[in-house]
Amino acid sequence: MSTQMTEQVIDTHCTTIHTLGRRNGKGKRQLRYMQKDGRFPVVFQKVPGDWSPYFMDIFTTLVEIRWRVMFLSFTLSYILSWLLFGLCYWLIAYVHGDTENVNNKPCMENVRGFTAAFMFSMETQATIGYGFRGMTENCIVAIILVTAQDIFSCLLDTIVIGIVAAKMASARKRAQTVGFSKSAVVNLRDGVLCLSWRLGDFRGNHILEGVAKAQLVRYVKKSLDSFVMSYQDLKIQQRDIILATPTTIIHKLEPGSPLYSLGPHDLLEDDFELIVSFTYTGDSTGTLHQTRTSYTPADIHWGQRFADILKMGRKHYKVDYALFNETTWVPVPFWSAEEHDRRRRLIEGRPLLSSVKGNGHVFQLTSLMRSETGVREE
């Protein structure tokens, strides 16, 4: 079948984003708002030749570049500085006549050519001091140049060490050791349908305090090639978390929730993405970190609960992270939370009603309500 490119417009209420979507007979793949690893598939197009944002904050630029590029930049900075100062030393020796007359009083001992000047520059900046070459008191210009190179060497070493330390303690690396479950689940808690996902710290040093947030990004089609991207915060229980052990973050599907009227079948047909994040401070470095991921309707499993991974021993709590993403089936009504609340009120007002038919299935409501109120999922 023929394939054509169509331009789509996504309105984010702040700006208009023009994207290119590919259409064919098999449909179009939906682009995620956020990847599972927390990265956003966003590419910024800057003004051609305008590198000022990167040079204005050169420290952050060097911290964010890749390791191989950083090592290459630092290596070139040292080599170029040695060559520059070596060239200056050679010019001083050349002007003073040290390269031609070996009997005069030299500005630098045993510096008669460019190679010797380069080695003297490297030994001075790296504080090697082999003892073969050295500075004399015959040339004030050479003394000033050595002083300037020593100061430059201290500044360059400070920058290199600071960038390497900041890059090693990068929040992205620490965020990889704090993770969310691969899927979210919908189950009953005290008779209320709840959406929940799991959060855990995979390192031994625990996070003592953090804040969890959730936001629903929904795509609403306005016209043929125009979409409105809306954002809505989800109310979750216990936003402040002490992550000593894995915890389950819960959002109740109650009136006011954007997912209140969605059942298991409507959930798969809807177009939204659940963005979850956990912002915390590392106890080892004191650096602010953030771990985030996203869940699409295909990642939300209706009628399941997370497996138990926490056990209590005699002296320790034991956490089995091999079961971190494992889920099990539990009895859950296969209708929306709105419909579930309506039928609960109907049962409370008419207790003689024993069954009702919905979505092609017959449910025993009286017995189901007893199981719903008695089940408390984790």
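Below, the structure is looked at part by part. Not measured: the values here are computed from a predicted model.

**Things to note about the pattern of salt bridges**
Applying the stated criterion across every chain, the model contains five salt bridges. Put simply, Glu123 and Arg133 hold a salt bridge, and the shortest N to O gap is 3.3 Å. Here Glu123, found in helix α4 (residues 114-125), pairs with Arg133, found in the loop between α4 and β4 (134-135); they are 10 residues apart in sequence, far enough to count as distant. Each member of the pair, Glu123 as well as Arg133, is classed as buried. Salt-bridge contacts for Arg342 lead to Glu339; the nearest nitrogen and oxygen are separated by 2.5 Å. A residue pair is termed a helical-turn pair when its members lie 3 or 4 positions apart in one helix, as Arg342 and Glu339 do in helix α8 (residues 337-349) at three residues. Given a relative accessible area of 41%, Arg342 falls into the partly exposed group. Put simply, Glu339, Arg342 and Arg343 are held in one network by salt bridges that share partners.

**Quick word on the nonpolar core**
One finds Leu195, Trp197, Leu274 and Phe278 to be the most contacted residues of the largest nonpolar core, which totals 34 residues. Those elements that place two or more of their residues in this core are β5 (178-180), β6 (184-189), β7 (192-201), β8 (207-223), β10 (240-243), β12 (272-281) and β14 (300-302). When neighbours within four sequence positions are excluded, Leu195 is seen to be in contact with Ala184, Val185, Val186, Ile249, Ile250, His251, Leu253, Leu259, Leu274 and Ile300. Membership of the second largest hydrophobic core comes to 14 residues, among which are Ala116, Cys139, Ala142 and Leu145.

**A look at the state of the cysteines**
Within the structure shown, the criterion is met by one disulfide. A sulfur-sulfur separation of 1.6 Å characterises the disulfide bridge that pairs Cys107 with Cys139. Judged by the sign of its S-S torsion, about -50°, the cystine formed by Cys107 and Cys139 is left-handed. One end of the pair, Cys107, is in the loop between α3 (67-96) and β3 (108-109); the other, Cys139, is in the loop between β4 and α5 (140-168), and 32 residues separate them in sequence. A relative accessible area of 0% means that Cys107 is categorised as buried.

**Side note on empty space enclosed by the protein**
Taking a probe equal in size to a water molecule and rolling it over the atoms shows the remaining empty space. For the structure on display, the rule yields one cavity of 30 Å³ or more. In this structure, the largest cavity encloses a volume near 50 Å³. Here the residues of the lining of the largest cavity are counted per class, giving eight nonpolar, no polar and no charged.

**Side note on the pairing of β12**
Most of β12 sits inside the fold, with eight of its 10 residues counted as buried. Two elements, β12 and strand β13 (residues 288-295), share eight bridges in a ladder whose sense is antiparallel. When the sheet's bridge partners are listed, Thr279 is paired in β13 with Gln290.

**Structural notes on the side chain of Arg198**
Mapped onto the secondary structure, Arg198 falls in strand β7. Salt bridges are absent for the buried Arg198, whose nearest opposite-charge side chain, Asp308, sits at 5.6 Å. Among the polar contacts listed, one links the side chain of Arg198 to the backbone oxygen of Leu323, at a separation of 3.4 Å. Beyond its immediate chain neighbours, meaning those up to four positions away, Arg198 contacts Gly179, Phe180, Ser181, Thr247, Thr248, Phe306, Ala307, Ile309, Leu323 and Phe324.

**Examining the packing of α3 against α4**
Two packed helices can be described by the angle between their axes and the distance between those axes. Where α3 contacts α4, the axes come no closer than 8 Å and their chain directions differ by 125°. What the angle tells us is that α3 and α4 run oblique. Handedness of the α3/α4 crossing: right-handed. Only Phe114, Ala117, Phe118, Phe120, Ser121, Met122, Thr124 and Gln125 of α4 make contact with α3, whose side of the interface consists of Tyr78, Ser81, Trp82, Leu83, Phe85, Gly86, Leu87, Tyr89 and Trp90.

Definitions and limits used
Residues numbered from 1 in each chain as written. Predicted model: local features only at pLDDT ≥ 70, side-chain atom pairs only at ≥ 80, totals over all residues. Heavy atoms only, no water. Salt bridge = Lys/Arg side-chain N within 4 Å of Asp/Glu carboxyl O. Helix = DSSP H or I, 4+ residues; strand = E, 2+ residues; numbered from the N terminus. Buried < 20%, exposed > 50% of the residue type's maximum accessible area, 1.4 Å probe, protein only. Core = buried A, V, L, I, M, F, W, Y, C linked by side-chain atoms within 4.5 Å. Contact = heavy atoms within 4.5 Å. Disulfide = S-S within 2.5 Å. 1 Å grid on protein atoms, 1.4 Å probe; cavity = no way out; pocket = protein on both sides within 12 Å on 5 of 7 lines; lining within 4 Å. Points joined across faces, edges and corners; volume = space filled by probe spheres on them. Nonpolar A, V, L, I, M, F, W, Y, C, P; charged D, E, K, R; others polar. Pairing = 2+ DSSP bridges. Lys, Arg positive; Asp, Glu negative; His and termini not counted. Polar contact = N/O pair within 3.5 Å; in protein donor to acceptor, adjacent residues only side chain to side chain. Axes fitted to C-alpha atoms, helices over the stretch in contact; angles between N-to-C directions. Parallel < 35°, antiparallel > 145°, perpendicular 65-115°, else oblique. Left-handed = near helix turned anticlockwise from the far one by under 90°.

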